[in-house]
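Reading the structure
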Amino acid sequence: MKYGDFVDEAREYVITNPKTPAKWINYIGNLTFGGFVDHTGGALVCKGDPSLNRITKYIQQMPSSDFKGETLYIRIKKDGGYKVFSPFFVPTLDDYDSYECRVGLGYNKIVSEFYGVKTECTVFIPQDAQVEIRDIAVTNASGGPLEIDVIPVLEYTHPDAVKQFTNADWVPQTMQSRCFANSEGVRTLVQYPFMFRDIKVNYFTSNAPSSSFETDRRVFLGDNEYGTWAAPQALANEELGNNEIHRGDNIAALMHRLGALKPGESRRIITQLGQKDSLAVAQPEIERFRNPGEVDKAFNSLKSFWKDYLEALQAETPDPAFNSMMNVHNPRQCFTTYYWSRYLSYYQLGMGTRGLGFRDSSQDVMGVVAHMPEKAKELIVKLLSVQNTNGSAMHQFNPMSMEATNGDAHEIPDRPQYYGDDHLWIVLAVSAYIKETGDSSFLNEKVSFYEKDKWGAPMEAGPVYDHLARALRFPKNNMGDHGLPLLGFADWNDCVNLPTGAESVFNACLYSRALLEMIDIEEFLGQKNNADAYRADHAAMKKNLNEQAWDGEWYKRYFDADGTPLGSSQNSHGQIYLNAQSWPVFSGIATEERGRQALNSARKMLNTPKGLKLSTPGFNGYDPTKGGITTYPPGAKENGGIFLHTNPWMMIAEAIMGNGDRAYEYYNQINPAAKNDIIDEYECEPYVYPQNILGDEHPLFGLARNSWLSGTSSWTYQAASRYILGLRPQMDGLLVDPCIPAKWKGFSVERSFRGCRYAIDVENPNGVCKGVKSVSVDGKARDNPVVPIFTDGKRHEVKVVMG
């Protein structure tokens, strides 16, 4: 069954059946003020840290039919009583005449018709304000007059999201609400835990007079809370109870009596949810967004932002699903992961200390650097500031307090207290930033290291260049018995936790890729001796890895502390791992022959029609010596599941080897837009990448989960733009080196690069996958495929013929 369709001209996905197999969400605002809204109008909103300053109570684990955070009720006066329903479908679950949720860029717009009432509600957060706007238009679509009431409702949580669920005595004792009204009867409901009354308050208001209000959930639901969100007993009464709650479960509900609407007549109600130091501080913003013209202006500004953001790269290929993801949904997801990392989603609950991940955000930066390089730089600086003086990095950090932790490593104190890959990703991120912008002066900027003195001040700082050099020195100084970098607590695969002394082939490859990026930086700086030294390090690692880690038909993945390999034909479980085949190619470690053999082995043993598996066969029982991987059944997540983050690395490896048909096949296998016709199997949103799909060892093969916040987003965008389309920023220009399916006759791209606009037209007359026969720029032939850097700020025409 289909639940919706892509509307590319509007840059939206339109859901037409609200009974999706899982909740489908969209992000509004950002980590400063924002959260997500689901396709039936529920929302989780926070200001800053979602763990410590959450505003709405949204419980992901409850059934999809339940009220979550926010909703809207419509009430029609009928037969001496009232017909009550939600135009969002949830929580009343009435039959609808029509339903659309238009999932847009930074907004959701729900358009529905029930019982002769058409409702349009646009949910968004303005670019320049910290307030959730719900712009509601109600129209009488029946043949006669209707007396209509509009009642928006939300439920608050305690700001401390963990305490909300762990202390059912203290939390309700502190929660209070008060009501304030102006001379026109326009109410503002103010809510706070008592301890925050004088320093920060939540507020909920609208642009129209309300005849009554309610702040007590117990009263609103009725019958000592044996009433339900599907049929709140308070809405059977003419007015709400006007209760200012002094303890308990706080809600905000406003009764708007629209009166009798003639057929075709509409009314507009605009609600605001925000948080400020006080109501007085909030008042100017409240007054601003009570003006419909200001709301329209803010929404148009949001749309203009996204138009400009996406224009950095727009492609036209023969594949509409590729175009849809490449031009709209993939870069939008990269933007989301930049801000939210792995912090808050429908699956990541945003509680506790996780914050932003060092490895995660280092990779996320690379997905946005072409669109917002200055923001990319800001995040890189934050990441560098939680790097240790020895070159390693803290695993995760709170972006507000900048307090960092070593992640799950502390749970096993006799294991290494660092992750063996974290620090290396930042080398790739900095290189990507410099290649995109040409800003080599960034390397001279001083950034503190993480270690603090007893007063909390950083003990040492150094230029960005020094941070990178230390990141590369750390694995060189921490090698194991096979001459490969030590695993640490874990590498990219968090779920394999081997004893101290274990070695990681992935870390070896990531180290080697980082060395290649550092060589490019040194050559750009004119530091030939340094570049040669890093080349020697790369050559040494290439020799060691090929001597120690080649298994005959593929590369091994790990060496345990006692030298036992994992990811080898001698293992009964976990014989082959995908990353150990793709990364030797990506890092320049594999020889031509072994690279092709490794990719062929991965295709034979790990490929499925729904994506490439992370490993096979899966472990079939818990084994504490292997770690978290064995907590999953075979075919799930890291234990033989289709872990999508790894798939674009195979696309890149195949493109490097010239296998355009395979790279494109692997792209299509995980393209969520291509899943739109099989949603009952796939279940997740078809407009964003999930983290994982259950593999073919699992009974539910093909089911996806953990959408939105995944490194899949950044790396698939890089694989598609830099390796399939082949547009790779270099220190000295923009390389055009496509690797496409042979059936494509060509494609075109508009790409902004270093202040100029490049209109790139690629022809493929002979049906090849890779190879550039000729390049011309503004009509002048070039003898290499690197388009030069222009400083005139103009548009330049690039013609490429493959062959």
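Please refer to the structure placed before this passage.
Worth saying up front: this structure is predicted, and the values here are computed from it rather than measured.

Quick notes on the rules
- Residues numbered from 1 in each chain as written.
- Predicted model: local features only at pLDDT ≥ 70, side-chain atom pairs only at ≥ 80, totals over all residues.
- Heavy atoms only, no water.
- Buried < 20%, exposed > 50% of the residue type's maximum accessible area, 1.4 Å probe, protein only.
- Helix = DSSP H or I, 4+ residues; strand = E, 2+ residues; numbered from the N terminus.
- Pairing = 2+ DSSP bridges.
- Salt bridge = Lys/Arg side-chain N within 4 Å of Asp/Glu carboxyl O.
- Axes fitted to C-alpha atoms, helices over the stretch in contact; angles between N-to-C directions.
- Patch = residues over 30% accessible without salt bridge, like charges linked within 9 Å, V, L, I, M, F, W, Y side chains within 5 Å.
- Areas by Shrake-Rupley, 256 points an atom, 1.4 Å probe, with all protein chains shown as cover.
- Contact = heavy atoms within 4.5 Å.
- Expected span 1.5 Å × (residues − 1).
- Bend = angle between axes of the 7 residues up to and from the residue.
- Polar contact = N/O pair within 3.5 Å; in protein donor to acceptor, adjacent residues only side chain to side chain.
- 1 Å grid on protein atoms, 1.4 Å probe; cavity = no way out; pocket = protein on both sides within 12 Å on 5 of 7 lines; lining within 4 Å.
- Points joined across faces, edges and corners; volume = space filled by probe spheres on them.
- Nonpolar A, V, L, I, M, F, W, Y, C, P; charged D, E, K, R; others polar.

Describing the pairing of strand β14 (residues 187-193)
Of all 7 residues in β14, 7 are buried, a share of seventy percent or more. The alternating pattern of β14 places Arg187, Leu189, Gln191 and Pro193 on one face and Thr188, Val190 and Tyr192 on the opposite face, and all of these are buried. Pairing between strand β13 (residues 175-181) and β14: 7 bridges, direction antiparallel. By the bridge assignment, serine 177 is partnered in β14 with glutamine 191. The antiparallel pairing of β13 with β14 creates a hairpin that spans 5 residues between the two strands, and glycine 185 there sits at a positive phi of about 80 degrees. Here β14 pairs with strand β15 (residues 201-206) via 4 bridges, running antiparallel. For valine 190, the partnering residue across the bridge sits in β15 and is tyrosine 203.

Examining the pattern of salt bridges
Inspection of every chain in the model, using the stated rule, returns 61 salt bridges. Linking lysine 2 and aspartate 677 is a salt bridge whose minimum nitrogen-to-oxygen distance equals 3.8 Å. Note that lysine 2 is positioned in the segment before β1 (4-7) and aspartate 677 in the loop between α16 (660-670) and α17 (679-682), a separation of 675 residues in sequence. The class of aspartate 677 is exposed, set by a relative accessible area of 54%. The residue glutamate 517 makes a salt bridge to lysine 435 at a minimum N-O spacing of 2.9 Å. You can see glutamate 517 sitting in helix α11 (residues 505-525) and its partner lysine 435 sitting in helix α9 (residues 422-437), a full 82 residues away along the chain. One network of salt bridges, with partners in common, ties together Lys57, Glu155, Arg217, Glu225 and Asp249.

Some words on the environment of arginine 473
When you line up the elements, arginine 473 lands in helix α10 (residues 464-476). We classify arginine 473 as partly exposed; its relative accessible area is 42%. Separated by 38 residues in sequence, arginine 473 and tyrosine 511 have C-alpha atoms that sit 9.8 Å apart.

So, the sheet that holds β13
Taken in spatial order, the 10 strands line up as β1-β2-β8-β9-β10-β11-β18-β15-β14-β13 in an open sheet, and their pairing is antiparallel. Each of the sheet's edge strands pairs with one partner strand only, and the pair in question is β1 and β13. Taking the axes of each pair of neighbouring strands and ignoring which way they run, one obtains an average angle of 15 degrees across the sheet. In terms of strand pairing, strand β9 (residues 107-114) meets strand β10 (residues 117-124) through 8 bridges, oriented antiparallel. From the neighbouring strand, asparagine 108 faces β10, where its bridge partner is valine 123.

With respect to the sheet that holds strand β40 (residues 780-782)
With mixed pairing, 6 strands are arranged side by side in an open sheet as β19-β37-β38-β42-β39-β40. Strands at the two margins of the open sheet, each flanked by one partner only, are β19 (313-316) and β40. Taking each pair of neighbouring strands and ignoring which way they run, the sheet shows an average axis angle of 20 degrees. Relative to strand β42 (residues 795-802), strand β38 (residues 756-763) runs parallel, the two sharing 7 bridges. Bridged to isoleucine 760 within β42 is valine 798.

Describing a nonpolar patch on the surface
Together, Val162, Phe165 and Met351 make up an exposed nonpolar region whose accessible area comes to about 240 Å². Structurally, valine 162 can be placed in helix α1 (residues 161-166). Given a relative accessible area of 33%, valine 162 falls into the partly exposed group.

Points about the side chain of serine 431
One can find serine 431 in helix α9. Excluding residues within four positions of it along the chain, serine 431 makes contact with Glu517 and Ile521.

Some details on helix α6 (residues 320-340)
The terminal C-alpha atoms of α6, which comprises 21 residues, lie 28 Å apart, in line with the 30 Å expected from a rise of 1.5 Å per residue. Along α6, the sharpest change in direction is near 45 degrees and occurs at methionine 326. Taking burial as the measure, the 21 residues of α6 include 19 buried ones, the bulk of the element. Two or three places before alanine 321, at the opening of α6, aspartate 319 has a side-chain oxygen 3.0 Å from that residue's backbone nitrogen. Serine 341 occupies a position one or two residues after α6 and carries a positive phi of about 45 degrees.

Focus: unusual backbone geometry
Note: most residues except glycine have negative phi, and most peptide bonds are trans. The linkage connecting valine 90 with the following residue, proline 91, adopts the cis geometry, with an omega of 15 degrees. Locating proline 91 in the fold gives a position in the loop between β7 (81-85) and β8 (98-103). Of note, the bond from threonine 616 into proline 617 is cis; its omega dihedral lies within 30 degrees of zero at -15 degrees. Residue placement: proline 617 occurs in the loop between β31 (615-616) and β32 (642-643). With a phi close to 70 degrees, glutamate 225 is a non-glycine residue in the positive phi region.

Here's the deal with the layout of surface pockets
In this approach a probe as big as a water molecule rolls over the atoms, and the regions it shows empty are the leftover space. In this structure, the largest pocket encloses a volume near 720 Å³. Arg354, Arg359, Asp408, Asp494 and Glu638 are the residues nearest the centre of the largest pocket, which is lined by 30 residues in total. Per-element accounting of the lining of the largest pocket gives the leading share, 3 residues, to helix α7 (residues 358-368). Among the residues making up the lining of the largest pocket, the classes are represented as 8 nonpolar, 13 polar and 9 charged.

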